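Below are the chains, spelled out letter by letter.
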Amino acid sequence: MRANHEAFTRRTLRSRVLVDVSHIDPTTTVLSTPVNAPFFVCPTAYHGSIHPDAEMGTARAASAAGVLAAFSTLSTASLEQIAAAAPAGPRWFQLYLQPEFSASQRLVERAEKSGYSAIVLTVDLPVLANRDRQAHGGFALAAWPPLGNGADIVGPPRGFETRGRTFTLRPDAESGWKILDQLRGVTDLPLVVKGVLTADDALAAIEHGARAVIVSNHGGRQLDGAPASLDALPEVVAAVGTRAEVYLDGGVRRGSDVVMALGLGARAVGLGRPILWGLGAGGERGVARVLSLLMVDLLTTMALTGRRSISELDSTVLGPVRGT
Ligand SMILES: Cc1cc2nc3c(=O)[nH]c(=O)nc-3n(C[C@H](O)[C@H](O)[C@H](O)COP(=O)(O)O)c2cc1C
């Protein structure tokens, strides 16, 4: 988690001056969907444990801002309730594989029917990591609110204590990356693979039909010793080229972070905790405030670097890496 932040502090930006920055355009597209900003709301579990507005508040705030939002399998509200709260979207559904493929299939079909425009398959959580801070803070699994998507949805696997309850594939299932082929067999929605940190995994995802990958270490919540997402990004971008879109999440807090990630080749970046902080502080209005603060900060950074559009945020915006 700290490395995600520190990776941004090591980077610098190269500005161009005396550029007419009276008009700055932060709009772009993600998988052909027009959005008002190159940042999106990451899927995070249990918004209802943070504020009664729950995922509906997040969905409304993102939709009003024209920002893409992804919603977790482990949402407090059902995916249908989330869709109804902000019918215009744009929204994606994040899938944690269920022990039975038929259960994953049902979730995907519900998402497709409810107007979600992509399936984000999170692949970096075959088991839940040892999260000491949660344990020390008394975060009790038993106190988690019920899952909005149905009592039959399998919650997070609790390490190796509870064999069978896992987001990974069943031993007898088609193994590994073939799960993407299986998913493509049951939905026309584009697949986005979240939680990739290496060129090899990104290429495997594309080989099996993923239209995009999210370079992510799960906000530092999974593998201790994983690299910062930003440090893993160049390897993935170089391998993927133009064959798929590449996004990044982890540690994005300011406009300069967004610009650095785009300079390194990300098409868009995701926000995890900042959205939850906003939701906790003020529900829907808090999320709206976080999104507008970041938007203003992005526009300011673009103006100060002399870049007027997202297409101008290429590698020329990057300066030397500090300490090298
Ligand atoms: C409280 C919390 C819950 C999360 N739940 C999910 C989840 O259900 N599914 C998922 O794919 N990622 C989940 N994530 C990871 C985020 O999608 C994202 O990768 C990460 O938060 C980005 O880092 P950041 O928090 O530094 O912005 C969660 C993260 C947090 C902090």
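Not measured: the values here are computed from a predicted model.

A. Layout of the overall build of the protein. Across its full length, the protein holds 10 helices and 10 strands. Reported as C-alpha extents along the three principal axes, the dimensions of the protein are approximately 60 × 45 × 40 Å. Of all 324 residues assigned to the protein, the portion counted as buried reaches 54%. Considering only residue pairs separated by 6 or more positions, the protein has 71% of its internal contacts joining residues 24 or more positions apart.

B. Geometry of unusual backbone geometry. A cis geometry characterises the amide bond from Gly-89 onward to Pro-90, with omega recorded as -5°. Inspection of the secondary structure puts Pro-90 in the loop between helix H3 (79–85) and strand S5 (91–95). For Ala-54, which is not glycine, the phi torsion reads 50° and is therefore positive. A positive phi angle, close to 65°, is found at His-218, a residue other than glycine. Mapped onto the elements, His-218 comes out in the loop between strand S8 (212–215) and helix H8 (229–240).

C. Summary view of the packing of aromatic side chains. Applying the stated criterion to the full structure yields 4 aromatic pairs. Ring centres 5.9 Å apart and planes at 75° place the aromatic pair Phe-40 and Tyr-247 in the edge-to-face group. Of this pair, Phe-40 sits in strand S3 (residues 39–41) while Tyr-247 sits in strand S9 (residues 245–249), and the two are 207 residues apart along the sequence. Looking at Phe-40, the relative accessible area reads 2%, which means it is buried.

D. Here's a closer look at the site of the ligand. Neighbouring the ligand are 22 residues; Pro-43, Ser-72, Thr-122, Arg-253 and Arg-273 lie closest to it. Here Pro-43 contributes a backbone N or O atom positioned 2.7 Å from an oxygen atom of the ligand. In this structure, Arg-273 approaches the ligand through a side-chain N or O atom, which is 2.8 Å from an oxygen atom. Calculation on the ligand without its partners gives an accessible area of 610 Å², and the protein chains cover 93% of this total. With 3 residues, helix H10 (residues 273–305) is the largest single contributor of residues to the shell around the ligand. For the shell around the ligand, a count of residues per class yields 7 nonpolar, 10 polar and 5 charged.

E. Quick look at the nonpolar core. Ranked by size, the top nonpolar core spans 81 residues in total, and within it Phe-39, Leu-95, Leu-248 and Leu-291 carry the most contacts. For this core, the element with the most residues is H10, which contributes 9 residues. The residues touching Leu-95, leaving out its near neighbours within four places in the chain, are Thr-73, Ser-104, Leu-107, Val-108, Ile-119, Val-120, Leu-121, Thr-122 and Leu-183. Listed in part, the 15 residues of the second largest apolar core include Leu-31, Trp-92, Ala-118 and Val-120.

F. Structural view of the pattern of salt bridges. According to the stated counting rule, one finds 8 salt bridges in the structure shown. Residue Arg-10 pairs with Asp-231 through a salt bridge whose shortest N-O separation is 2.6 Å. Residue Arg-10 is found in helix H1 (residues 2–10), and its partner Asp-231 is found in helix H8; the two are separated by 221 residues along the sequence. Residue classification places Arg-10 among the partly exposed residues on the basis of a relative accessible area of 32%. Judged by relative accessible area, Asp-231 falls into the partly exposed class, the value being 35%. Here Arg-110 and Glu-80 are joined by a salt bridge, their closest N and O atoms 2.8 Å apart. With Arg-110 in helix H4 (residues 101–113) and Glu-80 in helix H3, this pair connects stretches of sequence that are 30 residues apart.

G. Representation of the pairing of strand S7 (residues 191–196) within the structure. Across the 6 residues that make up S7, a large majority, 6, are buried. Alignment of S7 against S8, held across 4 bridges, turns out to be parallel. By the bridge assignment for S8, Val-192 is matched with Ala-212. Taken together, S7, helix H7 (residues 199–207) and S8 constitute a β-α-β crossover, and its handedness is right-handed.

H. Quick peek at H4. Helix length check: H4 (13 residues) gives 18 Å between terminal C-alpha atoms against 18 Å at 1.5 Å per residue, within 8%. What H4 keeps buried is the set Phe-101, Ala-103, Ser-104, Leu-107, Val-108 and Ala-111. Within H4, the buried residues cover an arc of 165° as seen down the axis, which keeps them to one side. Where the residues of H4 are buried, they touch H3, S5, strand S6 (119–122) and helix H6 (178–184). Of the residues flanking the end of H4, it is Gly-115, one or two places downstream, whose phi is positive at about 85°.

I. Representation of the environment of Asp-314 in the model. Considering the arrangement of structural elements, one finds Asp-314 in the segment after H10. A relative accessible area of 36% places Asp-314 in the partly exposed class. Spatially, the C-alpha atoms of Asp-314 and Gly-263 are 4.6 Å apart, while their sequence positions differ by 51 residues. Of note is the side chain of Asp-314, whose polar atom sits 2.5 Å from the side chain of Thr-316.

Reading the values: rules and limits
Just so you know, the residues in each chain are numbered from 1, in the order the chain's sequence is written. Local features are withheld for residues below a pLDDT of 70 in this predicted model, meaning they are given only at 70 or higher, and side-chain atom pairs are given and counted only at 80 or more; totals for whole chains, interfaces and linings count all residues. The side-chain values count all of the structure's non-hydrogen atoms but skip hydrogen atoms and water molecules. Strands are runs of DSSP state E lasting at least 2 residues, helices are runs of H or I lasting at least 4, and numbering of each runs from the N terminus. Here the term buried applies to any residue with accessible area under 20% of the maximum for its type, exposed to any over 50%, and partly exposed to those in between, with areas from a 1.4 Å probe on protein chains only. In what follows, a contact means two residues having at least one pair of non-hydrogen atoms within 4.5 Å. Aromatic pairing here means that ring centres of Phe, Tyr or Trp (its six-membered ring) are within 6.5 Å. Orientation follows from the plane angle: under 30 degrees is stacked, over 60 is edge-to-face, and everything else is tilted. Definition of nearness: a residue and a molecule or strand are near each other if at least one heavy atom of the residue lies within 4 Å of the molecule or strand. For the purposes of these results, a polar contact is taken to be a pair of N or O atoms within 3.5 Å, where, inside protein, one atom must be able to donate a hydrogen and its partner to accept one; residues adjacent in sequence count only when each atom of the pair is a side-chain atom. Surface exposure here means Shrake-Rupley accessible area, sampled with a 1.4 Å probe, where a residue is shielded only by the protein chains that are shown. Classes in brief: Ala, Val, Leu, Ile, Met, Phe, Trp, Tyr, Cys and Pro nonpolar; Asp, Glu, Lys and Arg charged; the others, Gly included, polar. For our purposes a nonpolar core is just a set of buried Ala, Val, Leu, Ile, Met, Phe, Trp, Tyr and Cys residues, chained together by side-chain atoms within 4.5 Å. Each reported salt bridge corresponds to a side-chain nitrogen of Lys or Arg within 4 Å of a carboxyl oxygen of Asp or Glu. For two strands to be treated as a pair, DSSP must find no fewer than two bridges joining them. Note on handedness: a crossover is taken as right-handed if, strands pointing away from the viewer, the path from the first strand over the helix to the second is clockwise. A helix is expected to span 1.5 Å for every residue after the first. Along the arc lie the directions from the helix axis toward the C-beta atoms.

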